[in-house]
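Now for the letters of each chain:
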Amino acid sequence: MLKPEGEPTAGRPSRRGVLMGAGLFAGGAAAALGLRSALAPVSKDVQGINPRSNAWYDIRLTGDGLMDNQVLWFLGHATHGQSDVGDVLETASRIQPGDERSWFDAWTQTARRVHGHAQNAESKGHLLSAGQAYARAANYYRAATMHYTDLEDPRTLEVTRQAATTFEKSNGLLSYDVQPLAIPYEGTTLAAYFVRSPHAKPSAPVILLHQGLHAWPEETKWVWEGATRRGYHVLMFHGPGQGRSLREHRLSFRPDWEKAVSPVVDAAERISGVDPRRILLMGLSFGGALAPRAAAFEPRIALCIANPGVLSWWEATSAHFNRFLPGSLALLKSHPEQFDQAITALADRWPTAQYWLRDVYWKHGARSPSELFRKLEEFTNEAIVDRIRCPVLIMEGEAEDASPGQSQKLYDALRGPKHLMMFTHKEAAPLHCQAASTALAEARLFDWLDENV
């Protein structure tokens, strides 16, 4: 696929590409091979972030390319009333590049300020204004958790719970029919919300919605609000490794994702008004790898939506660093101790790599780079893709950088009904999960569902 002038090329890694590739992995492997001098720092602020492109979406607010990518995600939420542009930009101005605590503190401060506005409005009887402010505050609390991995900080759990309670408060004041659920799961529960559509027929389809590695389903309002406006119910949930399930119960990701989805299907079937023949499953980001896996083993899924589609998350992950240093996986296999030492040493001097490792260790229940990558090897759909019988809708942006090329590979491997929905540079919607372009994503997704469900 050709990229227009100004877009990142193979020689100019994207933000996620740099994170997953040249810096973290090639740097670590080179260190293990005694080649430290071959890799010079490329950024004055955070090693491994530059070079950066001149694309419109490569915003430069914090001095940290990964953080800027995450800031853009929350800027885009203004479309659906979950952020205000001024709040996001002002918060970004207080974030120090590569400093996790700075990120957490800046977003928490903004969340509390807006939370205060909501409480003041509510006390004076301005319930609509209060509901809108609570919705923004909830999203800012969620933002604080996105780039913060201090498991010992009690504020992590406190902010997680504030995100939930303010979200629930906003729904009541804004007249959304949202029911909190605790879905039984292997001796504990998965946090979930059932959003009932006021426009649904007596028996209506339901979308089971989950996110991926970082985001929460609550902040994916373009899906759950877009659905309820069109007569679809939504059951959004926090799977193992995600959001509240991770922070409240310390549940880790699992490759057999159907074990997380089947209890959610059970719950959906017990809800009045849900058509059990039209249970749809949607996964975003890393969820675009997890949802197809679940669809292969859960026969009650009538349609799978993968945004983006991923045939092999392991291949996507390993390709980022293999491209920059061929043979690095061989080092991982043959000398795991050296690989661990190199990656750990690199993380000690590079904040972005340190964040990535701490974040993914936590979410996958790993304690070393070699253990982590042994776990990641299990996240592939290549051996089971032919078991998928339900139709699959794949949503893909031309500038996809987390798992480039994987949507096409999944599409090609599927044997049943399938559709690949592309989002382009010309539409100003080329990014991972249509970040900053959710109005278009909402329209195209639900227009397609209205025609096919």
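Cut-offs applied
Residues numbered from 1 in each chain as written. Predicted model: local features only at pLDDT ≥ 70, side-chain atom pairs only at ≥ 80, totals over all residues. Heavy atoms only, no water. Patch = residues over 30% accessible without salt bridge, like charges linked within 9 Å, V, L, I, M, F, W, Y side chains within 5 Å. Areas by Shrake-Rupley, 256 points an atom, 1.4 Å probe, with all protein chains shown as cover. Salt bridge = Lys/Arg side-chain N within 4 Å of Asp/Glu carboxyl O. Helix = DSSP H or I, 4+ residues; strand = E, 2+ residues; numbered from the N terminus. Pairing = 2+ DSSP bridges. Axes fitted to C-alpha atoms, helices over the stretch in contact; angles between N-to-C directions. Buried < 20%, exposed > 50% of the residue type's maximum accessible area, 1.4 Å probe, protein only. Contact = heavy atoms within 4.5 Å. Parallel < 35°, antiparallel > 145°, perpendicular 65-115°, else oblique. Left-handed = near helix turned anticlockwise from the far one by under 90°. Nonpolar A, V, L, I, M, F, W, Y, C, P; charged D, E, K, R; others polar. Core = buried A, V, L, I, M, F, W, Y, C linked by side-chain atoms within 4.5 Å. Domains from an automatic or database assignment. Phe/Tyr/Trp six-rings, centres within 6.5 Å; stacked < 30°, edge-to-face > 60°. Lys NZ or Arg CZ within 6 Å of the ring centre and 35° of its normal.

Novice: Looking at this structure, how should I read a nonpolar patch on the surface?
Specialist: Residues Leu61, Val85 and Leu89 make up a contiguous nonpolar surface patch of about 220 Å² in total accessible area. Mapped onto the fold, valine 85 is located in helix H3 (residues 85-93).

Novice: Looking at this structure, how should I read the sheet that holds strand S5 (residues 274-284)?
Specialist: Within a beta sheet, neighbouring strands are joined by backbone hydrogen bonds and run either parallel or antiparallel to one another. Overall, mixed pairing links the 8 strands, which are arranged S1-S2-S4-S3-S5-S6-S7-S8 in an open sheet. Looking at the sheet topology across the chains shown, the edges are occupied by strand S1 (178-185) and strand S8 (418-423). If you compare each strand with its neighbour and ignore which way they point, the axes differ by 20° on average.

Novice: Explain the environment of leucine 213 here, please?
Specialist: As for its placement among the helices and strands, leucine 213 is situated in the loop between strand S3 (204-210) and helix H7 (221-229). Taking relative accessible area as the criterion, leucine 213 reaches 13% and is therefore assigned buried. Distance in space between the C-alpha atoms of leucine 213 and glycine 241 is 7.5 Å, their sequence separation being 28 residues. Discounting chain neighbours no more than four positions away, the residues touching leucine 213 are Phe253, Phe286, Asp359, Val360 and Lys363.

Novice: It is not clear to me how the packing of helix H13 (residues 336-349) against helix H14 (residues 351-364) should be interpreted in this structure. Could you clarify?
Specialist: To characterise two packed helices, one gives the angle between the axes of the helices and the distance between these axes. Following both chains from N to C, one finds H13 and H14 inclined at 125°, their axes separated by 5 Å at the closest point. Classified by the angle between their axes, H13 and H14 sit oblique to one another. Considering how the two elements wind past one another, H13 and H14 form a crossing that is left-handed. Within the contact between the two elements, H13 uses Ile343, Ala347, Asp348 and Arg349 and H14 uses Pro351, Ala353, Gln354 and Leu357. For the contact of H13 with H14, the class distribution of residues is 5 nonpolar, 1 polar and 2 charged.

Novice: Looking at this model, I keep getting lost on the nonpolar core. Mind explaining?
Specialist: Burial of nonpolar side chains together is a common tendency in soluble globular proteins. Membership of the largest hydrophobic core comes to 68 residues, with the highest contact counts inside it found for Trp107, Ile207, Met282, Met395, Leu445 and Leu449. Counting only domains with at least three residues in this core, you end up with domain 1 (62-175) and domain 2 (177-312 + 379-452). Excluding residues that lie within four positions of it along the chain, leucine 449 makes contacts with Ile207, Tyr232, Leu280, Leu303 and Ile305. By size, the runner-up hydrophobic cluster in this structure holds 63 residues, among which are Leu213, Val265, Ile271 and Ala291.

Novice: Teacher, can you tell me more about the packing of aromatic side chains here?
Specialist: Ring pairs (aromatic) are described by centroid distance and by the angle formed between their planes. Tallying each qualifying case throughout the model produces 16 aromatic pairs. Ring centres 5.9 Å apart and planes at 90° place the aromatic pair phenylalanine 167 and tryptophan 224 in the edge-to-face group. Of this pair, phenylalanine 167 sits in helix H6 (residues 154-173) while tryptophan 224 sits in helix H7, placing them 57 residues apart in sequence. Classification of tryptophan 224 by relative accessible area gives buried; the value is 1%. Three or more aromatic residues joined by ring pairs form one cluster here, namely Phe253, Trp257, Phe286, Trp313 and Phe379. Against the face of tyrosine 411 rests lysine 418, its NZ or CZ located 4.5 Å from the ring centre.

Note that all results are geometric; they support no functional claim without further evidence.
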